[in-house]
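Structural features, examined
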Amino acid sequence: MYKVEKNMTKVFTTLLLALLPMCSLGGVAGASRLVKPSDAGITYGGRWIKFNDKVYRTGRGAAYLEVNFTGNSIGAFIDDKNQEIFWLARIDNGHLQRFQTYDAITPLGNELGKGKHKLLLLRDTEGMAGNTDFGGLVLAKDGQLLPPDPKPKYKLEFLGDSITAGAYNLGRENAEYPTYMAAESSYLAFGPKLARLLGAEYSVIAASGEGVVHNCGEFGYTSDCHALDNYLRSYYITPSPAWQESGREPDAIILNHGANDFIDYPTLDKELFTKGYQQLLATIRSKHPTSAILCVSPVPPVEDRLASPLIAQAVQAMGDKNMYYVPLNKDKPLLLAEDYGSDKTHPLARGHEKIASFLYPILTRILK
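A brief look at the structure comes next. Since we're looking at a predicted model, the values are computed, not measured. (Residues numbered from 1 in each chain as written. Predicted model: local features only at pLDDT ≥ 70, side-chain atom pairs only at ≥ 80, totals over all residues. Heavy atoms only, no water.)

**Observations concerning the layout of surface pockets**
Inclusion rule: Think of a 1 Å grid over just the protein atoms. A cavity is a set of points where a 1.4 Å probe fits yet cannot get out, a pocket is an open set with protein on both sides within 12 Å along at least five of seven lines, and lining residues have an atom within 4 Å of a point. Grid points are joined across faces, edges and corners, and a volume is the space filled by probe spheres set on the points. Only runs of H or I of at least four residues qualify as helices and only runs of E of at least two qualify as strands under DSSP, and these elements are numbered from the N terminus. Amino acid classes used here: Ala, Val, Leu, Ile, Met, Phe, Trp, Tyr, Cys and Pro are nonpolar; Asp, Glu, Lys and Arg are charged; the rest, including Gly, are polar.
The computed volume of the largest pocket comes to approximately 1200 Å³. Along the wall of the largest pocket there are 43 residues; nearest its centre are Thr 43, Tyr 44, Gly 45, Tyr 64 and Glu 201. Of all elements in the fold, only strand E2 (43-45), strand E5 (64-70), strand E10 (116-123), strand E13 (155-160), helix H3 (190-198) and strand E14 (201-206) reach the threshold of two or more residues within the lining of the largest pocket. Broken down by element, the lining of the largest pocket gets its largest block of residues, four residues, from E5. Here the residues of the lining of the largest pocket are counted per class, giving 17 nonpolar, 11 polar and 15 charged.

Dropping the structure here:
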C-alpha cells in the first residue's frame, strides 16, 4: 500500500509541473511561480509527512499551514483524490472560505493588492475521509514568500474521538453521520479554539467512533485502530508509516477519550478500560517526558458518569505530577441541551466554545 501511494505521488508531481505553466488562478494572468512544499517560508501545524521536496501528505483533521507572501494572487496544489474533504482558507483578516477541491490547482485569492499578505490553509475534515497530497503554492509571477512569523509560545496536542474531531458541530441535523463530512469542522472543535485562545500551534489526532479499548458500534475487540493505535500512526486510514516524533515538545497534551467505550456497551470491563487508558498514558509519556498531560472526562454526561471514575483512577495510578484529571461535569453538566446537535451527543460550535472557555483557565494555570 505504501509503495503504491509513493508511485501515485510521482504521478501527481509530474501533473503539477505540467500544469504550472498554464495556470491562471481564476483568470489572473501571470500566476505562474511555484513554491515547493519544502520551502522554509511555509509553517506547518499538525501531522504532515514529507515524501520528497515536491509533495507533502496529511491524513488529519485540523492539519494546517501558514505563509506570509507578496503578490496579487495565491493558489495551492491540493489532491484530495476525489474524497469528501473540506478545507478552510483565510487571507489577511478576511473571511474564512470553506471549499472542496476539484481541480489540481485551487485558487485561494486574486486581486490582493500590493504589500505583505498572510495565508492560513487548514484541512477541515478528519482523517477517516482519507489522505491529501499537497504539492505547494502558486504565486503571482512577481510574488515571493516572506519569512514566517515567530513561533508561538505554546504547542498543544489534542487526542480524542468525534467530539474532538468536531463532528456535527455545524448543526446539519439531517446529515448522514459520519460519511457526510459537510457537518463537521475541525477548525471549530474545542481543541483548535482553545489553541487560538492561547495563540498556540496545535495538532489534532482524533477519529469518530474511537475508543480506548472499544470503538462505537464495535462488537467485541476486533477493530484494528483504537486510541493508542491511532496515536502511533501518521495517517488514520493506514498503520504505516508510523509517526516519528520530532521537533518541538508539546507544552500540553489534552486527551478526551472514554465516551465511545461505554456509549453502546455500558457493561464494558472496567479493569480492561483502566489498563488500556494507563497504557495510552504510558506511551504518550514515553514519547513526551516533559509535556503536561490533561485527561479530560467525556463530554456527554451519561458516558461521563461511566468513564470518569476510571479515568481519574488511571491518572492517579500513574503517579505523575505533571498529569491531570479534568472533570467537565463535576457539579453540573457543562453543556445545556441546546448546545448539542439533534443526536444529543455531539456539541454544536457554541458547545465547543464553552468547552474551550472552561479549559482555558485550567490550562493557563498549568502552563505557567
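**Quick word on the packing of helix H6 (residues 270-287) against helix H7 (residues 301-318)**
The criterion, for reference: For every element, the axis is a line fit to its C-alpha atoms; helices are fit only across the contacting stretch, and the angle between N-to-C directions ranges from 0 to 180 degrees. Any angle that is under 35 degrees is reported as roughly parallel, and any over 145 degrees as roughly antiparallel; angles of 65 to 115 degrees are reported as roughly perpendicular and all others as oblique. The hand of a helix crossing depends on one turn: near helix anticlockwise from the far one by less than a right angle means left-handed, and clockwise means right-handed. Here, residues are in contact when the closest pair of their heavy atoms is within 4.5 Å.
One way to put it is that H6 packs onto H7 with a least axis distance of 9 Å and a crossing angle of 50°. Taken together, the axis directions place H6 and H7 in an arrangement best described as oblique. Seen along the crossing, H6 lies across H7 with a hand that is right-handed. In this structure, H6 contributes Lys 270, Phe 273, Thr 274, Tyr 277, Gln 278, Leu 281 and Ala 282 to the contact, and H7 contributes Ala 307, Leu 310, Ile 311, Gln 313, Ala 314, Val 315, Ala 317 and Met 318. Across the contact of H6 with H7, the residue classes break down as 11 nonpolar, three polar and one charged.

**Describing the side chain of Asp 80**
The condition that has to hold: Using a 1.4 Å probe on the protein chains alone, a residue whose accessible area is under 20% of its type maximum counts as buried, one over 50% counts as exposed, and one in between counts as partly exposed. For the charge count, each Lys or Arg is scored as positive and each Asp or Glu as negative, with His and the chain ends excluded. One side-chain nitrogen of Lys or Arg within 4 Å of one carboxyl oxygen of Asp or Glu is enough to make a salt bridge. Polar contact is defined as a pair of N or O atoms within 3.5 Å, subject to the rule that within protein one atom must be able to donate a hydrogen and the other to accept it, and that residues adjacent in sequence are counted only when both atoms are side-chain atoms.
Here Asp 80 is to be found in the loop between strand E6 (74-79) and strand E7 (87-91). Of the side chains bearing the opposite charge, Arg 123 lies closest to the buried Asp 80, which forms no salt bridge; the N-O distance is 5.0 Å. Polar contacts involving the side chain of Asp 80 include one to the side chain of Trp 87, which spans 2.9 Å. Among the polar contacts listed, one links the side chain of Asp 80 to the side chain of Thr 101, at a separation of 2.9 Å. If we ignore the near neighbours within four places in the chain, the residues touching Asp 80 are Ile 85, Trp 87, Thr 101, Asn 131 and Thr 132.

**So, the packing of aromatic side chains**
We apply this condition: For Phe, Tyr and Trp, where Trp contributes only its six-membered ring, two rings pair if their centres lie within 6.5 Å, and the inter-plane angle classes them as stacked under 30 degrees, edge-to-face over 60, or tilted in between. Only Lys NZ and Arg CZ are tested; either one counts as a charge over a ring when it is within 6 Å of the ring centre and within 35 degrees of the ring normal.
On inspection of all chains with the given rule, the structure shows eight aromatic pairs. Between Tyr 44 and Tyr 56 the ring centres are 5.0 Å apart and the planes differ by 25°, which places this aromatic pair in the stacked class. Residue Tyr 44 is found in strand E2, and its partner Tyr 56 is found in strand E4 (residues 56-58); the two are separated by 12 residues along the sequence. Residues Tyr 64 and Tyr 202 carry aromatic rings whose centres are separated by 4.7 Å and whose planes lie at 35° to one another, so their mutual orientation is tilted. Here the residue Tyr 64 occupies a position in strand E5, and Tyr 202 occupies one in strand E14, the gap between them amounting to 138 residues. Accessibility expressed as a relative area gives 7% for Tyr 202, which makes it buried. Three or more aromatic residues joined by ring pairs form one cluster here, namely Tyr 44, Trp 48, Tyr 56 and Phe 134. The positively charged end of Arg 47 is found above the aromatic ring belonging to Tyr 231, 5.4 Å away from the centroid. Note that Arg 196 overlies the ring of Tyr 187, its terminal NZ or CZ placed 3.7 Å from the centroid.

**Considerations on unusual backbone geometry**
With omega at 0°, the peptide bond leading from Ser 240 into Pro 241 counts as cis. Structurally, the position occupied by Pro 241 is in the loop between helix H4 (227-232) and strand E15 (252-256). A positive phi angle, close to 60°, is found at Asn 82, a residue other than glycine. Among the residues examined, Asn 82 registers a relative accessible area of 80% and is labelled exposed.

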